[in-house]
Amino acid sequence: MAEQEASGLQVLLHTLQSSLDRESILAILQLLGDLLSVGTDRRIRYMISKGGSEALLRTLVDTARTDSPDYVILLPLFRLLAKVGLRDKKFGQKALELEALDVTLILARKNLCHSQNLLHCLWALRVFASSVTTGAMLGINGAMELLLKVITPYTQKHIQVIRTAAEVLAALLKSKSNSRRAVNRSYVPLLLRLHQDWHSHDTADSFVPIRRALLLCLKHIAKLRSGREAFLAAQGMEILFNTIQNCLDDQSLEPVISIVLQILRQCYPKSPLPLLTSSSAYSFPVPGIVTSEAPRVLTEEDYEDDSEEEEDKDSDSEDVKEEDDDLETDLNKLSSKPGLDRPEEELMQCKAMCLELSCSFEELESKPGDDLNSDETEYANHHHIPTAASPKGLFLNKDQISGGQEKEVPVQTSLLSRVKMGRSSIHLTSKRGPGMNSYRNAHSNDPGIGSSGSDVSDIQASFLEDAWDMDAISCPRISASFSNSTKTRETAEFIDQLLQTHLKPMVFHDPYLYMAKARRTRSVADFTMMAFPDFWGHCPPLSAQPMLQRKCGVQRIKILEDVRRLIQPSDIINKVVFSLDEPWPLQDTASDCLQFFSAFESGNLRKAIQVREFEYDLLVNADVNSTQHQQWFYFKVSGMRAAAPYRFNIINCEKPNSQFNYGMQLTLYSVKEALLGRPTWVRTGYDICYYKNHYRQRTAGTGAASGKCYYTLTFAVTFPHAEDACYLAYHYPYTYSALMTHLDILEKSVNRKQVYFRQEVLCQTLGGNSCPLVTITAMPESDSADHLEQFRQRPYQVITARVHPGESNASWVMKGTLEFLVSSDPVARLLRENFIFKIIPMLNPDGVINGNHRCSLRGEDLNRQWLSPSAHLQPTIYHAKGLLHYLGSIGRRPTVFCDFHGHSQKKNVFLYGCSIKETLWQAEATVGTSNLSEDVSYRTLPKILDKLAPAFTMSSCSFLVEKSRASTARVVVWREMGVSRSYTMESSYCGCNQGPYQGLQFGTGELEEMGAMFCLGLLVLELKSGSCSHQLLTRAAALLNAEEESLDFYLQR
């Protein structure tokens, strides 16, 4: 039957080409039209496979070349050609070979005054032009000149013909040769005039498709450098900018507005960043670093010539697609275990990092105050002693610091009562509009804000004293107490007075000890100042803040504001008010502009340019010894007015997308709010948008493809007070000095008879800072042989964090982990009694100190150095890997290895693990896997956390092994050390879109809670394992039965 159908169709097509009988041809065309008008595209494709395209084209050529072409035949023939040509990928080439292009052009020229015939010709030309090669040939043969005769200024006649002609012209201009021809023949001004004319007359928006097609013509031409130059010369920016001012909110004009914005972005003149060089403002001499070249002037060749600009995306889509072509499909690479990367005798040096396995406990107990040098001891003498008016237990006095108090760190509530199933309520900050109410909403129940509004009157009055330098108070000198300057001493005395009367002391923080630690911290720029939030401390807000609702069209508004700045520069100030590159002082404190500062630990702001009275362009610094990784920012701003909306544009961001487009806000810390008893980082900012801008990077700077793009993060802030000093940051900062302060206070706070807490130095960094290694477990019940044996046979858990300096959220998660493990929570006790925790809380201290986002002082990503680290170039990675190798060599391979990170493009908290089978399955590479066995226990911990932790979601977890991740900690520890549960735990910078925290941004409290929940997950993992001891099961059962809401559901084995 199929053969009969095929022979029947072939007979029809053969007859169509050979018949001279008009009625027969019309009958065949009618029959073919009926066949193709019903059913699916399958019929059309079948006809194409039987030579249908060629038959129709030959019929067209034969009919058109007669002395008097018969349009009764040609019109249905053109309709069939238009239908078939859309499905035939080689249609243009066939038409070219059969000379149908010339025939159709001739017919179109003959019918310029016959709209119906012309329309049918244009339908065929539109199909021909869909092929770039055929389109170029049509351009050579004068098709564009013909079309421009058809596309007239505004008229209400022959609308369908004009629309089709404009669409054909747009298709032709996809060819670069046609676009060049259009530029050379001055079509750009003509197209602009046509668009202007149709736009101004089309008041009822009845002819949007024509206006859109004309804009598409300009868009295709603008892909060429010469096209952009012609567009600018014809005042195209001004014309299109003005045409859409009154129609941005009209949904019916979306097809027009979208293309206008794309053209404006394409044609905005590309320029280098307003920096002397793209290299970091800081440099550090280390082996293997070549001094960067001197800056050079950019030319047009530095930019992409024909690159396609991104669409104007203003949607809510934030999906991050995994690249399957990056998956490792080599089974040998996935399953092979590389040899040791160092001599075995060198590995034995790591024995000193595991003294708990060999030394007596008299030797292991550190004497109180051993870690405090003379400077720290001097500061420690100033520790505030809580009084009746002070919140008890929040601030550690000097006896506690020196080890006089032998007690476990208290916890407010048991962790078991805060699991997902048992969480009672989530406090939401009230919905608010833009403005300065972040602190009021976040601290409505805080002491320090009373109904009279006159609380803490002494501190408020001090703001009015001219003797106090608010700017100096807001950024204290590290060595303020030892300065010979009278003013500096007065400032230090005032800060000391404020500390003594401060009403908001904090757990595990001491400003005096922080200052002592900061004095010992070594930075590339030799910082002499401290950021006030790090010195003073931070209290988590009482309620979580909701994600910012993105205003519709905000990206378009910002793009148009950039265009306005270009074409209407009369109100542009363009004054540099802060720069790390300029040696002379730039800031005039008497002027109306804001003052900026970033020369403190973890600070990052390179340059500030005042654009308008209340608008500033900001540039962040690249990582030390790098030209890249501009994302993290942390700086002080002061001198603001009250109730004034300030706009900030960070113009040299690098990532192509950001959670700032999907509800994330930056963080703000107000010094005045802190002095009023509200020392808190809060989320702030409105009208936030992240988008590609017109700045490009020099080719020589990156060594990569020319014209690398930059992105702008723009946001508005209304500060809570006038003449305040506020700190703005990408995320909640957590400095190296804060970590060292935290570890010291933790160590002095634990009950040494119950908690084994050892802080030691893993190694020295390139910058001369100590990388801490912490060991936490429970002390043995006694010094009997059995108890010592149980102590030394406890399995290890290894946790690391902050290999990427800008991922400060990882440090807050780690803070929660550390505090929980030394707490009196019964879960923490069980964990200590059954595991030894080896924790490296900050793998990249130098990067954190110097405000890097991604790299070490060598300008390299340390989480890409685990395959073969160097003791001299990547010491922290080298020694961390050595510790893991050593544990494996003595049969103590960790049960779980987890590296804490932060994620900038996804929400929630989730794990990345490693699986051979899942990787090969995803890559559809199943060869050789039939006999492959794999322990699937790597999925157990994420499943547990999915049920326990409010912020965690299993749906975002991935267990794929990518080629580009082969040298990361997760993959190397899995492959080389054989740790099947080797993970990266990613915490969003933003917040959650599922679970109890859905719609909320993360605060430090939620991040710390996640660190504690991770520990609980480790306990449940052990309870679910087949090797779990009966004693632990019994104790865990007793603990769970004591809770009103037990975890029996999660512990079923």
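Parameters and conventions
- Residues numbered from 1 in each chain as written.
- Predicted model: local features only at pLDDT ≥ 70, side-chain atom pairs only at ≥ 80, totals over all residues.
- Heavy atoms only, no water.
- Helix = DSSP H or I, 4+ residues; strand = E, 2+ residues; numbered from the N terminus.
- Buried < 20%, exposed > 50% of the residue type's maximum accessible area, 1.4 Å probe, protein only.
- Contact = heavy atoms within 4.5 Å.
- Areas by Shrake-Rupley, 256 points an atom, 1.4 Å probe, with all protein chains shown as cover.
- Lys, Arg positive; Asp, Glu negative; His and termini not counted.
- Salt bridge = Lys/Arg side-chain N within 4 Å of Asp/Glu carboxyl O.
- 1 Å grid on protein atoms, 1.4 Å probe; cavity = no way out; pocket = protein on both sides within 12 Å on 5 of 7 lines; lining within 4 Å.
- Points joined across faces, edges and corners; volume = space filled by probe spheres on them.
- Pairing = 2+ DSSP bridges.
- Axes fitted to C-alpha atoms, helices over the stretch in contact; angles between N-to-C directions.
- Polar contact = N/O pair within 3.5 Å; in protein donor to acceptor, adjacent residues only side chain to side chain.
- Core = buried A, V, L, I, M, F, W, Y, C linked by side-chain atoms within 4.5 Å.
- Expected span 1.5 Å × (residues − 1).

Chemist: Give a description of the overall build of the protein that names residues and reports values.
Modeler: Helix and strand counts for the protein stand at 43 helices and 19 strands. Counting over 1053 residues, the protein shows a buried share of 58%. Counted over contacts in the protein with a minimum sequence separation of 6, partners at least 24 positions apart contribute 79%. Per element, the accessible surface of the protein, about 42,700 Å² overall, is 50% carbon and sulfur.

Chemist: Got a sec to walk through the side chain of Asp-197? Specific residues and values, please.
Modeler: If you trace the backbone, Asp-197 turns up in helix H13 (residues 187-201). Despite its burial, Asp-197 remains without a salt bridge, the nearest opposite charge being carried by Arg-193 at 9.5 Å. If we skip the residues at most four places from it in the chain, Asp-197 touches Pro-153 and Tyr-154.

Chemist: Describe empty space enclosed by the protein, with residues and values.
Modeler: Scanning all chains against the criterion turns up ten cavities of 30 Å³ or more. In this structure, the largest cavity is lined by twelve residues; those nearest its centre are Arg-265, Tyr-268, Lys-692, Asn-693 and His-694. Every element with two or more residues in the lining of the largest cavity is listed here: helix H17 (254-267), helix H29 (554-567) and strand S10 (686-697).

Chemist: Give me the sheet that holds strand S19 (residues 982-988): which residues, what numbers.
Modeler: Read from one edge of the open sheet, seven strands run S13-S14-S16-S15-S17-S19-S18, paired in mixed fashion. Here the strands that pair on one side only, and so sit at the sheet edges, are strand S13 (755-764) and strand S18 (909-912). Pairwise comparison of adjacent strand axes, ignoring direction, gives a mean angle of 20° for this sheet. The pairing of S18 with S19 spans four bridges and is classified as antiparallel. What sits directly across from Leu-911, in S19, is Met-985. The strands that helix H40 (residues 969-976) touches are strand S17 (896-903), S18 and S19; relative to S19, the one it contacts most, it runs at about 165°.

Chemist: So what's going on with the environment of Thr-735? Residues and values would help.
Modeler: Looking at where Thr-735 falls in the secondary structure, it is placed in the loop between strand S12 (725-729) and helix H32 (736-749). In this structure Thr-735 comes out as buried when scored by relative accessible area, which is 0%. Sequence separation between Thr-735 and Ala-518 is 217 residues, and the spatial gap between their C-alpha atoms is 9.5 Å. Setting aside residues no more than four positions away along its own chain, Thr-735 makes contact with Tyr-514, Asp-534, Glu-601, Ser-602, Met-842 and Val-848. In this structure the side chain of Thr-735 is engaged in a polar contact, spanning 3.0 Å, whose partner is the side chain of Tyr-514. Within polar-contact distance, the side chain of Thr-735 engages the backbone nitrogen of Ala-738 at 3.0 Å.

Chemist: Outline the nonpolar core, listing residues and values.
Modeler: Within the largest apolar cluster, 145 residues are counted, with the highest numbers of intra-cluster contacts made by Phe-596, Phe-648, Tyr-727, Leu-831, Phe-900 and Phe-1014. Here the element with the most residues in this core is helix H41 (residues 1004-1024); it accounts for twelve residues. Sequence-distant contacts of Phe-1014, defined by excluding residues within four places in its chain, comprise Ile-799, Val-896, Cys-898, Phe-900, Leu-941, Leu-945 and Met-985. In terms of nonpolar packing, the next biggest core, distinct from the first, is built from 106 residues, Ile-48, Phe-91, Ala-165 and Leu-261 among them.

Chemist: Could you give me a rundown of the sheet that holds strand S3 (residues 595-597), with the residues and numbers involved?
Modeler: Strand order across the open sheet formed by five strands is S3-S6-S12-S8-S9, with antiparallel pairing between neighbours. In the strand order of this sheet, the two ends are held by S3 and strand S9 (682-684), each with one partner. With direction set aside, neighbouring strand axes in the sheet form an average angle of 35°. Sheet topology places S3 next to strand S6 (residues 634-638); three bridges connect them, and they run antiparallel. Bridged to Phe-596 within S6 is Val-637.

Chemist: With reference to specific residues and values, describe H29.
Modeler: Compared with the 20 Å implied by 1.5 Å per residue over 14 residues, the 20 Å span of H29 between its first and last C-alpha is a close match. Where burial is concerned, most of H29 is hidden: ten out of the 14 residues are buried. Buried within H29 are the following residues: Val-554, Gln-555, Arg-556, Lys-558, Ile-559, Leu-560, Asp-562, Val-563, Arg-565 and Ile-567.

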